[in-house]
Every structure is written in structure tokens, then in C-alpha cells.
Amino acid sequence: MITKRIIPCLDVKNGRVVKGTNFQGLNDVSSPVELAARYSENGADELVFYDITASVEGRALFTDILREVARTIFIPLTVGGGINSVADFERVLTCGADKVSVNTGALKNPDLIGEAAERYGSQCVVLSADIKRVDGEFRVFANGGRTDTGREALAWLKEGTERGAGEVVVNSIDTDGVKNGFDLPMLEAVCNTVDVPVIASGGAGCVEDFITLFKAVPGVDAGLAASVFHYGTVPIAALKDALRKNSIPVRITL
Amino acid sequence: MIAIVDYGVGNLFSLKSSFAAIGEEATVTADAQVIATAERVILPGVGAFGDAADKLRETGLDRAVLAAAAAGTPLMGICLGMQLLFDAGEEFGTHAGLGLIAGTVKPIADVIPRDLKVPQIGWNALRLTAPKHAIFRHINDGDCVYFVHSFAGMDCAPSVIATTEYGAPLTAAVAKGNVCGCQFHPEKSGKVGLAILKGFCEWEGTV
């Protein structure tokens with residue numbers, strides 16, 4: 001039976017891992033290579049790296065880090081942040097990424113999804129969306145959750161998967177950083193809309209939030225979080241153990 | 001030295017790095033001569049069966065791989081590389097494979113319940129056949145490995161050395177003589193994956 005995945009997300013800026021609350025007030029945490037190794041050792045099923053650097057120097061530093069992580073850690077690596085073209089896909093894939101996550105770049109140019117899927121396969125293209133409730137509907141936001149695109153989120157995710165995205169990351173702006181649990185109604189709606197794996201993001205505050213997530217929305221394939229893992233609030237090994245005891249299939253590492 | 005066959009499909013950085021991590025020297029190569037003299041050969045691959053089979057033939061590396069297999073060199077196909085070992089693949093039409101493993105690569109949708117997602121993406125447990133094949137000597141039945149696939153080897157029962165349960169038992173690994181293949185990605189399967197690659201590197205290419 002396929003297991004539910006636990007995915008730590010590392011937001012990287014100028015070579016360091018950061019995590020904010022509601023996308024603002026970023027705090028420095030640790031070395032990405034060190035954190036990645038620790039997560040892998042403790043049973044993380046996959047790692048996501050978001051490059052939130054704007055400068056060219058920062059971007060070069062990011063690919064150096066990625067290469068170092070890929071050289072030492074042998075679990076799937078997803079990379080996102082600043083992916084606007086097939087050339088950007090190529091840049092991170094040659095550094096050892098397995099999947100590439102597109103967000104604002106795909107909103108600006110939806111053809112990017114299909115072009116990348118055709119070239120690298122759908123399994124390589126992850127459509128990530130920052131979603132917030134506006135006027136009674138789910139609305140997609142761009143630019144790190146700052147800009148309301150006016151697009152309805154479920155229609156966008158459906159279009160994205162039809163264009164070739166092989167997985168979707170649903171990041172609820174409404175619950176992100178609040179640590180009060182995942183956005184179950186939003187996730188349920190997405191699971192009823194797309195037929196590719198759904199990765200839940202935004203709102204994890206404790207072990208119970210993950211148990212609730214997988215029990216309440218069985219269609220969710222993975223839970224993604226950042227700060228609860230970085231600060232050790234939710235140790236991954238203990239989380240896996242708790243999930244297993246609640247009859248949720250997970251990979252138990254050696 | 002291990003030759004990782006480079007015929008223009010997929011990123012081989014992790015594969016090369018994973019051999020380095022277990023202390024084995026591996027080279028990514030498109031040189032038939034290097035493949036002919038290698039101690040072991042890895043046939044990787046991602047993408048669609050037909051495209052990959054075409055690329056392998058266009059580069060002439062199909063002959064290099066077949067020659068290595070005939071010479072008794074231990075050979076491992078990974079993911080699509082494993083599928084190419086089969087007689088044929090039914091992805092976007094029927095395409096001929098290398099014919100090293102008897103069987104056909106078919107959509108998993110044909111055999112799994114309709115409510116399961118395709119592709120299967122994620123970590124799933126291996127069910128090893130008894131007795132355990134040599135490449136699995138360092139791992140245990142039930143260990144999880146990382147899968148990404150929409151197709152799987154079928155009608156290949158005599159060669160199956162591991163299955164995985166995804167609504168139905170799917171072919172996870174095959175072996176025949178000095179040729180073996182993994183549907184999952186050992187280079188992305190953590191310590192278990194590295195242990196399988198180690199087992200492959202110690203394997204003499206006999207059943």
C-alpha cells in the first residue's frame with residue numbers, strides 16, 4: 001500500500017533557511033544542507049526547496065546548495081521559486097532536482113506547464129498554488145501570496161493538471177503560519193477536483209494536525225510543513241510513529 | 001567501474017552520486033567501448049517507452065547494452081530502463097524493447113481499481129520473492145522504496161523478484177541471469193535504495 005508522505009519545506013534565501021508567518025516577518029533558521037541531512041536521517045519522505053532569493057548571486061548560491069544536497073541525500077527533491085521558463089527547469093534539474101514546482105510563473109504563462117511536462121514528463125511538474133478565500137470562493141494568489149490573480153483556484157488547478165502537472169501543492173494562505181491545523185475544507189474541495197496526488201500545505205502546528213489531515217481528507221497524499229519541523233515542534237520520527245499507530249500507512253525508516 | 005548508459009533521457013546526477021555514496025566508481029557514458037569494458041552496466045530512463053527505445057537505438061547504444069548482457073556483465077535497468085529490458089511496451093502504441101526479459105510493459109490502470117491515482121507516486125513496500133534475490137541481500141521484505149510510474153511489467157511471472165501492492169500486486173523488480181531491473185528508483189529510496197545498489201555491486205550476475 002502506498003504510504004502518506006511527510007515533506008519538510010525549506011525556504012532558502014541567500015543560502016539560509018527561513019520561514020515566516022503569513023509570508024511576512026521572515027526569520028533565519030539554519031543551514032539548508034545540514035537541515036536536509038537531518039530531515040532525511042529522521043525519515044522525511046521528500047524535501048522541497050523554495051528559492052526565495054531575488055538576486056543573481058543568491059540564485060547561484062542556491063544551485064550550489066542544491067547540488068550539495070543532491071550529492072548527499074537520496075530522497076526525492078522538489079525545487080520551486082522563480083521558475084518562469086523551461087530554462088529554469090533545466091537549471092535546477094541539472095543540479096539534482098527530481099521535480100520542479102511552478103507557481104507564479106505558470107499563472108503568468110500557463111503554457112509553461114505543458115512545455116515542461118512534454119519535455120521532462122508530468123511526474124516532474126508540480127503545480128503549487130497559494131490559495132485564499134475571497135468573496136466566498138477560493139482565489140489563487142501570485143507573487144508569494146501577495147497578489148490576487150482573480151482566478152478561481154479549483155478551476156486553475158484542474159486546468160493545470162489537464163495541461164500536464166503531475167502533482168499539486170495546495171498552500172492555504174488562510175491557515176499558513178497560524179499553526180491551527182491544515183485547511184481541510186479547501187483540501188477536500190481540491191481532492192474532489194483533480195485526480196493527481198495532492199500535497200497539503202499551510203497550518204500544521206502539531207502531530208495531531210497531520211493525523212486529522214490524513215483521516216479527514218483521505219485523498220491527500222502528503223503533508224508539507226516548514227517551521228514545525230525546523231523548530232522541532234514536530235519531530236519527523238515521532239510523527240511517523242504516531243501516524244502508524246493511527247493506522248495511517250507511512251514509511252518507517254531503518 | 002560501473003557504466004551508467006547516457007542516451008539522452010533523464011538526469012543522471014543522483015544516480016552517479018548514489019554510487020559515490022556507497023564507494024563505487026560510476027561514469028555516465030554514451031561510449032559503447034566504455035560500456036563493453038565496464039564491470040557493471042546501469043540502464044536508466046524516464047519518459048515514454050517509445051521515445052526512449054528510439055533514442056537508445058538512434059545512439060546505437062541498444063547494441064552496446066545487448067552485447068554487455070550477452071557477455072554476462074551484471075546489468076540493472078532502472079524505472080523506464082527496466083521497462084526497456086522487456087519484449088515490448090504498450091505506451092502510445094506498441095514498441096519493441098530489448099527482449100532481455102520476457103513480458104510486456106502495460107498500463108497499471110488495466111489492473112488496479114479505478115479510484116487509485118495514476119501514476120503511482122510515492123513510497124511503497126517491496127514484497128520480495130523467496131528465496132531473496134542477491135541484489136536484495138542487504139534489505140528486508142516490507143522495506144519501502146520510491147515509485148513514479150504509470151506502466152509496469154506484466155506477463156513476466158518467471159522473472160519477478162519483487163512486487164508492490166497498489167490495489168493489485170505490481171512488478172517492482174525482475175531478474176533473469178545477469179540482467180535485473182527495478183521499477184522504483186533506488187537512487188531516490190534513501191538507505192534502502194543505497195543498500196539495493198550495494199547488493200547489485202556485490203552480485204556476480206548469477207541467479
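Residues numbered from 1 in each chain as written. Chains lettered and ligands numbered in written order. Predicted model: local features only at pLDDT ≥ 70, side-chain atom pairs only at ≥ 80, totals over all residues.

Give me the lowdown on the nonpolar core, citing residues and values where you can.
Core analysis: the largest hydrophobic core is formed by 83 residues, its most contacted members being V100(A), V168(A) and V170(A). If sequence neighbours within four positions are ignored, V170(A) has contacts with A129(A), I131(A), M186(A), L187(A), V190(A), V198(A), I199(A), A200(A) and S201(A). Membership of the second largest hydrophobic core comes to 72 residues, among which are Y7(B), V105(B), F136(B) and I139(B). (Core = buried A, V, L, I, M, F, W, Y, C linked by C-beta atoms within 7 Å. Buried ≥ 20, exposed ≤ 12 C-beta atoms within 10 Å, placed from the backbone. Contact = placed C-beta atoms within 7 Å.)

Summarise the sheet that holds strand 2 (residues 26-29) of chain B; cite the residues concerned and give the values.
All names here are of chain B. Read across the sheet, 8 strands follow the order 2-1-3-4-14-13-12-9 without closing on themselves; strand pairing throughout is mixed. Edge positions in the open sheet fall to strand 2 and strand 9 (127-128), since each of these has one partner strand only. In terms of strand pairing, strand 13 (residues 169-176) meets strand 14 (residues 179-182) through 4 bridges, oriented antiparallel. Among the inter-strand pairings, V174 is bridged to a residue of strand 14, identified as G181. (Pairing = 2+ DSSP bridges. Helix = DSSP H or I, 4+ residues; strand = E, 2+ residues; numbered from the N terminus.)

Outline the confidence of the model for chain B, supporting the account with residue identities and numerical values.
On average, residues of chain B score 95 in pLDDT, and 100% of them reach the 70 mark or higher. Interface scoring of the predicted complex returns ipTM 0.91; its pTM is 0.94. (pLDDT = per-residue confidence, 0-100.)

Please set out the sheet that holds strand 5 (residues 86-89) of chain B residue by residue, giving values where relevant.
Residues and elements named next belong to chain B. If you trace the 4 strands from one edge of the open sheet to the other, you get 6-5-7-11, paired in mixed fashion. Looking along the sheet, the strands with just one partner apiece sit at the ends: strand 6 (95-96) and strand 11 (151-154). Bridging between strand 7 (residues 101-107) and strand 11 involves 4 bridges; their strand directions are antiparallel. Following the sheet pairing, T104 is matched in strand 11 by M154.

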